[in-house]
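Chain by chain, the residues:
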Amino acid sequence: MAHQWRGVIAEYAERLPEHVQRRVITLGEGGTPLVPAPALSALTGADVFLKVEGMNPTASFKDRGMTTAISSAAGRGAKVVVCASTGNTSASAAAYATAAGMICAVLVPDGKIAMGKLSQAIAHGARLLQVDGNFDDCLVAARKLAEAYPVELVNSVNPDRIEGQKTGAFEVVDALGDAPDIHALPVGNAGNITAYWKGYREYAGLDAGSSLPPVATRTPAMWGFQAAGSAPIVLGHPVTEPETIATAIRIGNPASWQQAIDARDTSGGLIEAVTDEQILVAHRILSSQVGVFVEPASAAGVAGILALAAQGRVPAGARIVVTVTGHGLKDPQWALRTADGSEVTTMRVSADVVAIADALELG
Ligand code: F0G
């Protein structure tokens, strides 16, 4: 019988609030592949899988929470939504708002978002403003705008976003048959670590007030990784001028800070920092050894498990799922540099089969 994945609200209806289901706006998000990564298993001595979130409709994990946030807003008759963003949230909000017939306002840090994401928001018709400030400044302004004007905030401080994003954890358990030992992921504004932890707890029957039977027998340790130049949770204080090449997680004062600490501590996990160099090495290993092309921020989780493995802190044979959060095509410039930072050059040849075979060193 014909079947197509219906998007996370329809697929997980019984585990999502009723108010997001009154007027469902979906682009078919979720149902992303959980890909075994033998190259990473070999490097870490663990059993590593990647949850490839670049396979979502706007090519990042944000779509899971945007279907619920925009559906909820649509159900209440909202006409305008706003978000602050390092890029992916704006691309997703713009697409879902368009599907809902709404206006989408976007505040992004001037000059600090990747070109692919900027193009997406513009292509989907967002009213995009480049703000003189960083992401944290944009979020403060977006919150104030939503308080003072008839505009719905669709950042992950909106609980409807977390509800949708928790389905990532459900899918991991559905694919593996139980929770992994460790779940690793990048941490920026800390919505996703909050959402995965909520999803894992609910599937293990640990949330108060649910009458649904548990699906998992356990929960994983949550391992979060921030970029070293933007690591407020690791440092224990906000960073006023966050810096990293991983612009998606260039955030100095995460909105879900406390929830991230709770996820870390109640799961027996950790939140640590990885350098830009470690991120770029992981980015390269993912593309050239695993076959998965991600944007730099998305490589932070992989950089983290590699760093911990090098320190002997990854338990042998542990089952580890790493969420790779966004597609490499969003910020492709990083593929065009070699490990030492120089520009990659490509060969030019005449359209002659012998010349081509020679260039390919096939002769
Ligand atoms: N990875 C990517 C590719 C992201 O875009 C983000 C966040 C994260 C990881 C971190 O997730 O914020 O839930 O801890 N991007 C937001 C945005 C801030 O505006 O697109 P988080």
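See the structure printed just above.
Residues numbered from 1 in each chain as written. Predicted model: local features only at pLDDT ≥ 70, side-chain atom pairs only at ≥ 80, totals over all residues. Heavy atoms only, no water.

Colleague: How do you make sense of the sheet that holds strand 6 (residues 152-153) when you look at a structure like this?
Modeller: Pairing between the strands of a sheet comes from backbone hydrogen bonds, and it takes one of two forms, parallel or antiparallel. A sheet is described by the order of its strands in space; here four strands give the open sequence 5-4-3-6, paired in parallel fashion. On the outer flanks of this sheet lie strand 5 (127-131) and strand 6, each paired with one strand and no other. As paired elements, strand 4 (residues 103-109) and strand 5 share five bridges and run parallel to each other. Residue pairing for strand 5: Leu-107 is matched across the bridge by Leu-129. Together, strand 3 (80-84), strand 4, strand 5 and strand 6 form the strand contacts of helix 6 (residues 135-148), whose direction differs from that of strand 3 by roughly 155°. (Pairing = 2+ DSSP bridges. Helix = DSSP H or I, 4+ residues; strand = E, 2+ residues; numbered from the N terminus. Contact = heavy atoms within 4.5 Å. Axes fitted to C-alpha atoms, helices over the stretch in contact; angles between N-to-C directions.)

Colleague: What is the right way to read the packing of aromatic side chains from this model?
Modeller: Within a pair of aromatic rings, the relevant descriptors are the distance that separates the centres and the angle that separates the planes. Evaluation of the coordinates by the stated rule reveals four aromatic pairs. Where Trp-5 meets Tyr-12, the ring centres are 6.4 Å apart and the plane angle is 65°; that geometry is what we call edge-to-face. Take Trp-5: its relative accessible area is 30%, and that puts it in the partly exposed class. Relative to Tyr-203, the ring of Phe-170 has its centre 4.3 Å away and its plane inclined at 20°; by these criteria the two rings are stacked. (Phe/Tyr/Trp six-rings, centres within 6.5 Å; stacked < 30°, edge-to-face > 60°. Buried < 20%, exposed > 50% of the residue type's maximum accessible area, 1.4 Å probe, protein only.)

Colleague: Would you take a moment to explain the site of the ligand for this structure?
Modeller: Neighbouring the ligand are 20 residues; Thr-86, Gly-188, Asn-189, Ala-190 and Thr-325 lie closest to it. Thr-89 is positioned with one of its backbone polar atoms (N or O) 2.8 Å from an oxygen atom of the ligand. Gly-191 places a polar main-chain atom, nitrogen or oxygen, 3.1 Å from an oxygen atom of the ligand. Starting from 480 Å² of accessible surface for the ligand in isolation, the protein chains cover 99%. Among the residues making up the shell around the ligand, the classes are represented as seven nonpolar, eleven polar and two charged. (Near = heavy atom within 4 Å. Polar contact = N/O pair within 3.5 Å; in protein donor to acceptor, adjacent residues only side chain to side chain. Areas by Shrake-Rupley, 256 points an atom, 1.4 Å probe, with all protein chains shown as cover. Nonpolar A, V, L, I, M, F, W, Y, C, P; charged D, E, K, R; others polar.)

Colleague: Honestly, the side chain of Asn-56 in this entry has me stumped. Any pointers?
Modeller: Relative to the assigned elements, Asn-56 resides in the loop between strand 2 (47-52) and helix 3 (62-75). Judged by its relative accessible area of 4%, Asn-56 is buried. Within polar-contact distance, the side chain of Asn-56 engages the backbone oxygen of Glu-53 at 3.1 Å.

Colleague: Is there a simple way to explain the pattern of salt bridges in this structure?
Modeller: Oppositely charged side chains can form a pair if their charged atoms are brought close together. Tallied over the entire structure, the rule returns 17 salt bridges. Across the salt bridge formed by Glu-53 and Arg-64, the nearest N and O atoms sit 2.6 Å from each other. Taken together, the positions of Glu-53 in the loop between strand 2 and helix 3 and Arg-64 in helix 3 put the pair eleven residues apart, joining distant regions of the chain. The shortest N-O distance in the salt bridge between Arg-218 and Asp-181 comes to 2.8 Å. Of this pair, Arg-218 sits in the loop between helix 9 (191-203) and strand 8 (221-227) while Asp-181 sits in the loop between helix 8 (167-176) and strand 7 (182-186), placing them 37 residues apart in sequence. The network of salt bridges with shared partners includes Lys-51, Glu-53, Arg-64 and Glu-171. (Salt bridge = Lys/Arg side-chain N within 4 Å of Asp/Glu carboxyl O.)

Colleague: Looking at this structure, how should I read the sheet that holds strand 7?
Modeller: Taken together, the six strands give an open sheet; going across it, the order is 1-2-10-7-8-9, and neighbouring strands pair in mixed fashion. Where the open sheet ends on each side, the last strands, each with one partner, are strand 1 (34-36) and strand 9 (270-274). On average, each strand axis in the sheet is inclined to that of its neighbour by 25°, with strand direction left out of account. Each of strand 2, strand 7, strand 8, strand 9 and strand 10 (319-324) touches helix 13 (residues 300-310); the most contacted strand, strand 8, lies at about 110° to it.

All we've got here are geometric facts, nothing functional implied.
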